[in-house]
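Residue strings, one per chain:
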Amino acid sequence: MTAERGTILIIGRNGQLARALHDVFTASAQQFIALGRPEIDLSDPPTAKTAIIAARPAVVINAAAYTAVDRAEDDAEAAFAINEAGAKAAAEAAAEIGASIVHVSTDYVFDGKKDSPYVESDPTAPLGVYGSSKRAGELAVAAANPKHLILRTSWVFSPYGANFVKTMLRLNSERSELNVVDDQFGNPTSALDLARAIARMLPKLLDSSPDSQAFGIFHVVNAGTTTWRGFAEAIIGAAHRRGAPRANVRAIGTKDYPTRASRPGYSALATDKITGVFGIHLRPWPNALSECLDQLIGPTREDMIQPQEAFGRST
Ligand SMILES: NC(=O)c1ccc[n+]([C@@H]2O[C@H](COP(=O)([O-])OP(=O)(O)OC[C@H]3O[C@@H](n4cnc5c(N)ncnc54)[C@H](OP(=O)(O)O)[C@@H]3O)[C@@H](O)[C@H]2O)c1
């Protein structure tokens, strides 16, 4: 049985990336179906196999995962069931019908000891259960389906679901001062930009043979590296220009904000490979943040623009 050309199956319905893919594919009239729980429950692999084989898509995009980084430390069985066994089942079912699998992974597969952006071939060394389960998923997907595209991304934000941008907006409306970690570096990434990148990759996935350069592991993040503190200041500054209050952001260290899971101190990802193979280069994260805040709050208010910003504008 072979896949039907052009149909895309998204695993996940309510997550940030799943909803962003829904928006992007709807806007471009790309044919797709999105299946979440209960139709596909990745902790119950046969549901994924049955649904994928019945739908016969040309490409399966796995946008679902166990994403609770701290909770995973005490819930390893569930994290591995979804991020490894569930992902493997989806990749195997896709292989069975000749479909490609797009699987999304994370910067948390690295330990953060490097001081320059990680490239795809750098050794992985996850610090926690979530990262370990995602790395196990990468390996399982790659072994199960030669037509795999594994996309590592990081610090995902969007108008949807729970994410750092929405948490900062809430805290900014409740408090006058926020303490935010300033010694973890990474690349904030818009789920919408990631979805647009996936949409641009689809034609190559549909046309390529399994040994094509289009398959393998790729890093895909918005341009620019910052800390959580830098990201928080940008969010709050941009929210203020849209009429929100402006809390003071204080830099603290990871040691001052203990969490159940350890996180890498530096997990910026190099994107030269995806630029070289697919011609994709995501815009700087502050621009993507603006789009997200336009959707969440509304456009920048003219009366809140600083004089130097107004001077620099071309219109
Ligand atoms: N968020 C980040 O900062 C970040 C960073 C790096 C990489 N990533 C990766 O990017 C991908 C997308 O993340 P995201 O931010 O969109 O995640 P998210 O918003 O947390 O959504 C996760 C999705 O997975 C679904 N899901 C969870 N358990 C499931 C199961 N047993 N069966 C089927 N679906 C299940 C959830 O379904 P319900 O809606 O039904 O709960 C939800 O739709 C994931 O692979 C994640 O590991 C995320």
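Residues numbered from 1 in each chain as written. Predicted model: local features only at pLDDT ≥ 70, side-chain atom pairs only at ≥ 80, totals over all residues. Heavy atoms only, no water.

1. What to know about helix 9 (residues 285–296)
Compared with an ideal rise of 1.5 Å per residue, which puts twelve residues at 16 Å, helix 9 spans 16 Å between its outermost C-alpha atoms and is within 8% of the ideal. Listed as buried for helix 9 are Trp285, Ala288, Leu289, Cys292 and Leu293. The arc that holds the buried residues of helix 9, viewed along the axis, is 140°, so those residues lie on one side. Each element contacted by the buried residues of helix 9 is listed here: strand 6 (156–157), helix 5 (164–174), strand 9 (189–190), helix 6 (191–207), strand 11 (226–227) and helix 7 (228–240). Positive phi shows up at Gly298, right after helix 9, with a value of about 130°. (Helix = DSSP H or I, 4+ residues; strand = E, 2+ residues; numbered from the N terminus. Expected span 1.5 Å × (residues − 1). Buried < 20%, exposed > 50% of the residue type's maximum accessible area, 1.4 Å probe, protein only. Arc of directions from axis to C-beta. Contact = heavy atoms within 4.5 Å.)

2. Points about the packing of aromatic side chains
Per the stated rule, a full pass over the model turns up ten aromatic pairs. Look at Phe110 and Tyr118: their rings are 4.1 Å apart centre to centre, the planes differ by 10°, and that puts the pair in the stacked class. On the basis of relative accessibility, which here comes to 1%, the residue Phe110 falls in the buried class. Residue Tyr118 is classed as buried on the basis of its relative accessible area of 3%. By the ring-pair criterion, three or more aromatic residues cluster together here, those being Trp155, Phe157, Phe164, Trp228, Phe231 and Trp285. We note Lys204 situated over the ring of Phe278; from NZ or CZ to the ring centre the distance is 5.5 Å. The ring of Phe218 carries the charged tip of Lys273 above its face, separated from the ring centre by 4.3 Å. (Phe/Tyr/Trp six-rings, centres within 6.5 Å; stacked < 30°, edge-to-face > 60°. Lys NZ or Arg CZ within 6 Å of the ring centre and 35° of its normal.)

3. Focus: the confidence of the model for the protein
With 94% of its residues at a pLDDT of at least 70, the protein reaches an overall mean of 93. Within the model, pLDDT remains below 50 along residues 310–315, and this stretch shows three contacts once partners closer than five positions in the same chain are excluded. (pLDDT = per-residue confidence, 0-100.)

4. A few points about the environment of Ala143
By the element assignment, Ala143 lies in helix 4 (residues 129–144). For the pair Ala143 and Ala191, spaced 48 residues apart in sequence, the C-alpha to C-alpha distance is 27 Å.

5. Overview of the pattern of salt bridges
Side chains that differ in charge, positive against negative, can pair when their charged atoms come close. As enumerated under the stated definition, the model contains 17 salt bridges in all. Residues Asp122 and Lys114 are paired through a salt bridge, measuring 2.6 Å at the closest nitrogen-oxygen approach. One network of salt bridges, with partners in common, ties together Asp193, Arg196, Arg283 and Glu291. (Salt bridge = Lys/Arg side-chain N within 4 Å of Asp/Glu carboxyl O.)

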